[in-house]
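Chain by chain, the residues run as shown.
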Amino acid sequence: RFIARPCAINLGIQDSGPHRAQPNAILEKVFTSITKSPDGKRLEGLSKQLDWDVRKIQRWFRHRRNQDKPTTLTKFCESMWRFTFYLSIFFYGIRFLWTAPWFWDTRQCWYNYPFQPLTSRLYYYYILELAFYWSLMFSQFTDIKRKDFLIMFVHHLATIGLITFSYMNNMVRVGTLVLCLHDASDFLLEAAKLANYAKYQRLCDAFFMLFGVVFIVTRLGIYPFWILNTTLFESWELIGPYPSWWLFNGLLITLQILHIIWSYLIIRIAYKALVRGKVSKDDRSDVESSSEEEDVTSNSTKGVFSTSSNGSNRINGHVASGQWVEE
């Protein structure tokens, strides 16, 4: 409110949303009481009742659905808050772990387990991360429902379960490694969103490409060969199988499956950007295009995140706020 909003206004971001649907009592009643996405039969009936073309009615419903979506200014403020948190907690984690012996030798995570001291810095690191992911869990039900709602819900459940479970079982050393690793790429995605909302296209593309590289390296490289290696094999060797071993590693493997899904989406976006010079619709877009005709004007715009004329939230428009890779 006091920092992000003034920054957005100084960057020329207006507090204006998508094109609003023209007032129509009949269509509004259908939208609020019956369906937000009428089928073909209902469209035909409305067309005869209003003497409107079917495509005009479809366009009205698209505009009506989109007008309740947050404005670019709102999304900028949300992304700036998340960027601030991710960046701050990442550097806090790096600074804390840099002097921790288990950061350089993962076998240290299991020496003298479970009799390992819980320092105040480690405690606050855990509490801050847990509080943040709980906030993401709750806000997911009040934010716009996106296509990856279920995947993000599973991700938040697995993350909260891991943080809580590792804290209760004093597996905080390996837990800090997991947390820091996940924070390494998240702030880069939020930075790409901020640049996109401010219409700094080249900066946005650079941040996104950097995010993609860091995400894939950390989630498909470091995570399985560093984190999963110590939780699956080194822990088994040093302290043997323990009752919670299966649950703990099951949650970590669940995260790895989600990493693979998101990495595939990122690679596909990058591939389309390289081959076509632009990218088609974001698979988790929360705002629809207004019409095929309106989208023609954006076809000549290049870049990974080129803003369409109707301000829609797309990979070639705005990155969907709340991050389709927000861990």
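Reading guide: rules and limits
- Residue numbers restart at each chain and count upward from 1, following the sequence in its written direction.
- Per-residue local features of the predicted model are confined to residues with pLDDT of at least 70, and side-chain atom pairs are confined, for both listing and counting, to 80 or more; whole-chain, interface and lining totals are unaffected and use all residues.
- The basis for every side-chain value is the complete set of heavy atoms in the structure, and neither hydrogens nor water enter the calculation.
- Here, axes are lines fitted to C-alpha atoms. For helices the fit covers the stretch in contact, and angles between N-to-C directions go from 0 to 180 degrees.
- In DSSP terms, a helix is any run of H or I states spanning at least four residues, a strand is any run of E spanning at least two, and both are numbered starting from the N terminus.
- Each angle receives one of four descriptions, namely roughly parallel if under 35 degrees, roughly antiparallel if over 145, roughly perpendicular if within 65 to 115, and oblique otherwise.
- Handedness of a crossing follows from how the near helix is turned relative to the far one, being left-handed for an anticlockwise turn of less than a right angle and right-handed for a clockwise one.
- In what follows, residue pairs with any heavy atoms lying within 4.5 Å of each other are defined as contacts.
- Each residue is assigned to one of three groups, with Ala, Val, Leu, Ile, Met, Phe, Trp, Tyr, Cys and Pro labelled nonpolar, Asp, Glu, Lys and Arg labelled charged, and all others, Gly among them, labelled polar.
- UniProt positions are given in the numbering used here, feature names are shortened, and annotations may be inferred rather than shown by experiment.
- Only buried residues count toward a nonpolar core. Its members are Ala, Val, Leu, Ile, Met, Phe, Trp, Tyr and Cys residues joined through side-chain atoms within 4.5 Å.
- Whether a residue is buried, partly exposed or exposed follows from its accessible area with a 1.4 Å probe, protein chains only, as a fraction of its type maximum: under 20%, in between, or over 50%, in that order.
- For patch building, the residue pool is restricted to those with more than 30% relative accessible area and no salt bridge; the joining distance is 9 Å between like charges and 5 Å between nonpolar side chains (Val, Leu, Ile, Met, Phe, Trp, Tyr).
- Using a 1.4 Å probe, accessible areas were evaluated by the Shrake-Rupley method; residue-level cover was limited to the displayed protein chains.
- Salt-bridge detection follows one rule: a side-chain nitrogen of Lys or Arg within 4 Å of a carboxyl oxygen of Asp or Glu.
- Two aromatic rings, drawn from Phe, Tyr or Trp (for Trp, its six-membered ring), form a pair once their centres lie within 6.5 Å of each other, and the interplanar angle then sorts them: stacked below 30 degrees, edge-to-face above 60, tilted otherwise.
- Only lysine NZ and arginine CZ atoms are considered, and such an atom sits over a ring when it is within 6 Å of the ring centre and within 35 degrees of the ring normal.
- To get the bend at a residue, fit one axis to the 7 residues ending there and another to the 7 starting there, then take the angle between the axes.

Colleague: Teacher, can you tell me more about the packing of helix α2 (residues 25-33) against helix α4 (residues 54-66) here?
Modeller: In the contact formed by α2 and α4, the axes pass within 11 Å of each other and the chain directions differ by 55°. In this view, α2 runs oblique relative to α4, as classed from their interaxial angle. When the axes of α2 and α4 are compared, the crossing they make is right-handed. For the pair α2 and α4, the contacting residues are Leu27, Glu28, Val30 and Phe31 in the first and Ile57, Trp60, Phe61, Arg64 and Arg65 in the second. Taken together, the residues of the contact of α2 with α4 break down into 6 nonpolar, no polar and 3 charged.

Colleague: Explanation requested: the environment of phenylalanine 132 in the structure shown.
Modeller: Assignment of secondary structure puts phenylalanine 132 in helix α7 (residues 120-142). Residues contacting phenylalanine 132, with those up to four places away along its chain left out, are Trp81, Phe85 and Tyr86.

Colleague: Is there a simple way to think about the UniProt feature "transmembrane region" (unreviewed entry) in the protein chain in this case?
Modeller: Mapped onto this structure's residue numbering, the UniProt feature "transmembrane region" (unreviewed entry) falls at residues 83-103, 123-142, 207-226 and 246-271. Along residues 123-142 the backbone is 100% helical and 0% strand, and the end-to-end C-alpha distance reaches 29 Å. The span residues 207-226 is 100% helical and 0% strand by assignment, and the distance between its end C-alpha atoms comes to 25 Å.

Colleague: I tried to follow the nonpolar core on my own but got confused; where do I start?
Modeller: Counting residues in hydrophobic clusters, the biggest one holds 57 residues, and the most contacted among them are Leu97, Trp102, Tyr223 and Phe248. If you list the elements that add at least two residues to this core, you get α5 (72-98), α6 (101-104), α7, α8 (149-168), α9 (172-197), α10 (201-239) and α11 (245-276). Top element by residues in this core is α9. It accounts for 12 residues. When residues no more than four places from it in sequence are discounted, the contact partners of tyrosine 223 are Val178, Leu181, His182, Thr218, Leu228, Leu252, Leu255, Gln256 and His259. Of all hydrophobic cores here, the second largest spans 10 residues; its members include Leu27, Val30, Leu46 and Trp52.

Colleague: Whenever I open this one, a nonpolar patch on the surface confuses me. Can you help?
Modeller: On the surface, a nonpolar cluster with roughly 600 Å² of combined accessible area is contributed by Leu118, Tyr123, Tyr124, Ile127, Tyr167 and Met168. Listing elements by their share of the nonpolar patch, those giving two or more residues are α7 and α8. Checked against the element boundaries, tyrosine 123 lands in helix α7.

Colleague: Looking at this model, I keep getting lost on the packing of aromatic side chains. Mind explaining?
Modeller: Aromatic rings in a pair are described by how distant their centres are and how their planes are angled relative to each other. Summed over all chains, the structure comprises 27 aromatic pairs. With 5.0 Å between their ring centres and 75° between their planes, tryptophan 236 and tryptophan 245 make a pair best called edge-to-face. For tryptophan 245, a relative accessible area of 7% puts it in the buried group. Here a set of aromatic residues connected by ring pairs shows up, and it is made of Trp81, Phe85, Tyr86, Phe132 and Tyr133. A cation sits over an aromatic face here: lysine 56 above tryptophan 52, 4.3 Å from the ring centre.

Colleague: Would you take a moment to explain the pattern of salt bridges for this structure?
Modeller: Pairing between side chains of opposite charge can happen when their charged atoms approach one another. Considering all chains together, one arrives at 3 salt bridges under this definition. Between glutamate 237 and arginine 107 there is a salt bridge; the shortest N-O distance is 3.3 Å. Taken as a pair, glutamate 237 in helix α10 and arginine 107 in the loop between α6 and α7 lie far apart in primary sequence, 130 residues in all. Residue glutamate 190 is joined to lysine 193 by a salt bridge in which the shortest nitrogen-to-oxygen separation is 3.5 Å. Of this pair, glutamate 190 and lysine 193 both sit in helix α9, separated by 3 residues, roughly a single helical turn. There is no split in this pair, since glutamate 190 and lysine 193 are both buried.

Colleague: Help me understand α10 in this model?
Modeller: Residues three or four positions apart in an α-helix share a direction because the helix packs 3.6 residues into each turn. The axis of α10 is deflected most strongly, by about 55°, at tyrosine 223, and proline proline 224 appears within four residues downstream. Trailing α10 by a residue or two, glycine 240 shows a phi angle of about 75°, which is positive.

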